[in-house]
Amino acid sequence: TYHGKTIVLFSHAASVALVATLLKCSMRTLKFAPCGIYHLERINDGSWTLVQNGASNDEYVKENSPTTFPWGFGEKYFEEGTEKNYFGSSEGIGLDYFGDKESKL
């Protein structure tokens, strides 16, 4: 178990889906900046809370490449496809989708 421990993860911008899942919020408005840092906190068995939003890197990056920008899932990912495939099907999925109801993320 990792209770009482600090865990650091790093990934790409699509990880806003993980952030949304842990915070139990919509990922529609979340953005992840290049070198962005999302800081989440969970005390005991409580809910995850947002300490720092990773949508900006202004505090610690002096200059961004002109080809990089904060990224998030655009509306096209939430539209129904022509063959009734729902690209945004992860929207609204509860944590129990990813593990049994007894597991604690």
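Up top you'll find the structure we're talking about.
Residues numbered from 1 in each chain as written. Predicted model: local features only at pLDDT ≥ 70, side-chain atom pairs only at ≥ 80, totals over all residues. Heavy atoms only, no water.

**Considering a nonpolar patch on the surface**
A cluster of nonpolar residues, Tyr-2, Ile-7, Leu-9 and Leu-18, forms a patch on the protein surface that exposes about 480 Å² of accessible area. You can see Leu-18 is positioned in helix α1 (residues 16-23). Given the relative accessible area of 42%, Leu-18 is considered partly exposed. (Patch = residues over 30% accessible without salt bridge, like charges linked within 9 Å, V, L, I, M, F, W, Y side chains within 5 Å. Areas by Shrake-Rupley, 256 points an atom, 1.4 Å probe, with all protein chains shown as cover. Salt bridge = Lys/Arg side-chain N within 4 Å of Asp/Glu carboxyl O. Helix = DSSP H or I, 4+ residues; strand = E, 2+ residues; numbered from the N terminus. Buried < 20%, exposed > 50% of the residue type's maximum accessible area, 1.4 Å probe, protein only.)

**Re the nonpolar core**
As a rule of thumb, soluble globular proteins bury nonpolar side chains together. Core analysis: the biggest nonpolar cluster contains 13 residues, and Val-16, Val-19, Leu-30 and Tyr-38 have the highest contact counts within it. Looking at this core element by element, the count peaks at five residues for α1. In this view, Val-16 contacts Met-27, Leu-30, Lys-31, Phe-32, Tyr-38, Trp-71 and Phe-73; residues no more than four positions away in its chain are not counted. (Core = buried A, V, L, I, M, F, W, Y, C linked by side-chain atoms within 4.5 Å. Contact = heavy atoms within 4.5 Å.)

**Comments concerning the environment of Ala-13**
Looking at the secondary structure, you find Ala-13 in the segment before α1. It is 6.0 Å that separates the C-alpha atoms of Ala-13 and Trp-71, two residues lying 58 residues apart in sequence. In this structure Ala-13 touches Phe-32 and Trp-71, once residues within four positions along its chain are discounted.

**Things to note about the layout of surface pockets**
One number sums up the size of the largest pocket: a volume of about 1,200 Å³. The wall of the largest pocket is formed by 33 residues, among which Ile-7, Val-8, Leu-9, Leu-40 and Trp-48 lie closest to the centre. Residue assignment for the lining of the largest pocket shows that the elements contributing at least two residues are α1 and β1 (39-41). Looking at the lining of the largest pocket element by element, the count peaks at four residues for α1. When its residues are assigned to classes, the lining of the largest pocket shows 19 nonpolar, ten polar and four charged. (1 Å grid on protein atoms, 1.4 Å probe; cavity = no way out; pocket = protein on both sides within 12 Å on 5 of 7 lines; lining within 4 Å. Points joined across faces, edges and corners; volume = space filled by probe spheres on them. Nonpolar A, V, L, I, M, F, W, Y, C, P; charged D, E, K, R; others polar.)

**Topic: the packing of aromatic side chains**
For any pair of aromatic rings, the description consists of the separation of the ring centres together with the inter-plane angle of the planes. Evaluated as defined, the whole model comprises two aromatic pairs. Ring geometry for Phe-32 versus Tyr-38: centroids 5.0 Å apart, planes at 75°, classification edge-to-face. Neither Phe-32 nor Tyr-38 differs from the other in exposure class; each is buried. A ring pair is formed by Trp-71 and Phe-73, whose centres lie 4.9 Å apart and whose planes are at 65°; its orientation type is edge-to-face. In this structure Trp-71 comes out as partly exposed when scored by relative accessible area, which is 26%. Take Phe-73: its relative accessible area is 15%, and that puts it in the buried class. (Phe/Tyr/Trp six-rings, centres within 6.5 Å; stacked < 30°, edge-to-face > 60°.)

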